[in-house]
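Coordinates in review
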Amino acid sequence: MTNTKRGFSYSKTKSIFIAEYHDGQWDSGRLQNDDHITITAFATALHYGQQAFEGLKAYARRDGGVNLFRFMDNATRLQQSCSRMLMPEVPLDLFRRGVLSAVNDNREFIPPYGYGESLYIRPLVIGLGPILGAMPAKDYLFLVMVSPVGPYFEGGMKPVRMMVTSFDRAAPHGTGKAKVGGNYGSSFFAQKEAREHGCAEAIFLDPATHQYIDEAGAANFFGITKEGKYVAPISSSILDSITQRSLKILAKKKLGLTIEERPIAVSELASFVEAGACGTAATITPIGEVLHEGKVIQIGEPMKVGPISQQLYDLLIGIQLGDIDDEFGWITTI
Ligand SMILES: Cc1ncc(COP(=O)(O)O)c(C=O)c1O
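Source: prediction; values computed, not measured.

Description of helix α2 (residues 71-84)
- When the terminal C-alpha atoms of α2 are compared, their 20 Å separation across 14 residues agrees well with the 20 Å that a helix rising 1.5 Å per residue should span.
- When we look at burial in α2, the residues that qualify are Phe-71, Met-72, Asn-74, Ala-75, Arg-77, Leu-78, Gln-79, Ser-81 and Cys-82.
- Downstream of α2 by one or two residues, Leu-86 has phi in the positive range, about 55 degrees.

Considerations on helix α7 (residues 307-321)
- Its 15 residues give α7 an end-to-end C-alpha distance of 21 Å, which sits within 8% of 21 Å, the value for a rise of 1.5 Å per residue.
- Counting buried residues along α7, 11 of its 15 residues qualify, which places the element largely inside the surrounding structure.
- Taken residue by residue, α7 has Ile-308, Ser-309, Leu-312, Tyr-313, Leu-315, Leu-316, Ile-317, Gly-318, Ile-319, Gln-320 and Leu-321 as its buried positions.

Comments concerning unusual backbone geometry
- Cis geometry marks the peptide bond from Gly-129 to Pro-130, where omega comes out at 0 degrees.
- Structurally, Pro-130 is set in the loop between β7 (118-127) and β8 (140-149).
- Of note, the phi angle at Met-303 is positive, near 50 degrees, even though the residue is not glycine.
- On the secondary structure map, Met-303 appears in the loop between β17 (295-298) and α7.
- Taking the relative accessible area as the measure of exposure, Met-303 reaches 36% and is therefore partly exposed.

Re the side chain of Ser-187
- Here Ser-187 lies in the loop between α4 (181-185) and α5 (188-196).
- Since its relative accessible area comes to 5%, Ser-187 is described here as buried.
- Once residues within four sequence positions are removed from consideration, Ser-187 is found in contact with Arg-169 and Phe-204.

So, the environment of Lys-295
- Position of Lys-295 relative to the elements: it lies in strand β17.
- Along the primary structure Lys-295 and Gln-32 are separated by 263 residues, whereas in three dimensions their C-alpha atoms are 51 Å apart.

Notes on the domain arrangement of the chain
- In terms of domains, the chain is made up of domain 1 (16-149) and domain 2 (160-321).
- Domain 1 and domain 2 are separated by 26 Å when their C-alpha centres are compared.
- In this assembly, 22 residues from domain 1 lie in contact with 22 residues from domain 2.
- The contact between domain 1 and domain 2 buries some 1800 Å² in all, and 59% of this surface belongs to carbon and sulfur atoms.
- Contact with domain 2 buries surface across domain 1, with Phe-53, Phe-69 and Arg-77 losing the most and accounting together for 32% of the total.
- Linking domain 1 with domain 2 are 1 salt bridge, by the criterion used here.
- For the salt bridge of Arg-245 with Asp-73, the shortest nitrogen-to-oxygen distance reads 3.0 Å.
- There are 10 residue pairs in polar contact (both at pLDDT 80 or more) connecting domain 1 and domain 2.
- Residue assignment for the side of domain 1 that touches domain 2 shows that the elements contributing at least two residues are β4 (51-53), β5 (56-60), β6 (66-69) and α2.
- Here the element with the most residues in the side of domain 1 that touches domain 2 is α2; it accounts for 5 residues.
- Of the residues that constitute the side of domain 1 that touches domain 2, the class distribution is 9 nonpolar, 5 polar and 8 charged.

Details of the pattern of salt bridges
- Per the stated rule, a full pass over the model turns up 20 salt bridges.
- Where Arg-30 meets Glu-20, a salt bridge forms, and the shortest distance between an N and an O atom there is 3.2 Å. With Arg-30 in strand β3 (residues 30-32) and Glu-20 in strand β1 (residues 16-22), this residue pair connects regions lying 10 residues apart in the sequence.
- For Arg-30, a relative accessible area of 36% gives the class partly exposed.

Analysis parameters
Residues numbered from 1 in each chain as written. Predicted model: local features only at pLDDT ≥ 70, side-chain atom pairs only at ≥ 80, totals over all residues. Heavy atoms only, no water. Helix = DSSP H or I, 4+ residues; strand = E, 2+ residues; numbered from the N terminus. Expected span 1.5 Å × (residues − 1). Buried < 20%, exposed > 50% of the residue type's maximum accessible area, 1.4 Å probe, protein only. Contact = heavy atoms within 4.5 Å. Domains from an automatic or database assignment. Buried area = accessible area lost by both parts, 1.4 Å probe. Salt bridge = Lys/Arg side-chain N within 4 Å of Asp/Glu carboxyl O. Polar contact = N/O pair within 3.5 Å; in protein donor to acceptor, adjacent residues only side chain to side chain. Nonpolar A, V, L, I, M, F, W, Y, C, P; charged D, E, K, R; others polar.

The structure is reproduced here in structure tokens:
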């Protein structure tokens, strides 16, 4: 799974799915062979950030089929994000149709099995207009775009150095739990700062006290203690990661680990024997070192992939690709 050439970037595909919301209802949607849309310059998405999105992947199986991983969990999470932004929820059957249509119509762009690549799927809801005042739109678009991708972090399953940033991505009672653009735009500055310090990504602390680890810019965090416990942060300002949910189940049911969900003090980082960033894009990316207040904290053996992270990675990828039996009912094969 390491001979990938592609990074995590957009390559044009054949079509996108697009559905419209007018007069209080969604239409049934259609495919469009153009990745441009025309909207009013007074769209609420452009001015007030009234939008929400999702990220999931389609994986080529060894037998030529295509697997989607827990994709209706993304549908539910998109509904929660829409509701937080006062946008109409995308009905589950419309989400399902949008994702399946976009994947099926772009099947030729799904990278083949065995290269560590996949088809990234990006559902998006945006508020239209024209509206000048800061208020929710009446009309909306639901789009599903796809692009073949490789690993999010260069090198794939290779430990990276991350930097604890002093910036926040979301406010204590803000939109951190929702997958909305504002959280990402506001984290670019910290991401740039981290890269300038030779780090792959920024780690954000909880915005209320700056004592506890929240998450990375586009991935959740986990740590493994020397007693072999899998520790995941509890915080009201992080995304409820579908990968994290799955890893907790795999760690418990397949590796027999104890799961601890609690605030993780940044001062605890040095005591972990393994740590990682997890997410659809990041899969599992081991965190080998963390730069915090000018000091480098080393986690586990110097820049080595820990055995638990490796086992979790192999289990997760194995299920996603269909090489390991889907005993948890996470896979939809199309
Ligand atoms: C901020 C943030 N946290 C966590 C995640 C991981 O979530 P998931 O595992 O559902 O992809 C993502 C990626 O989608 C993200 O953008």
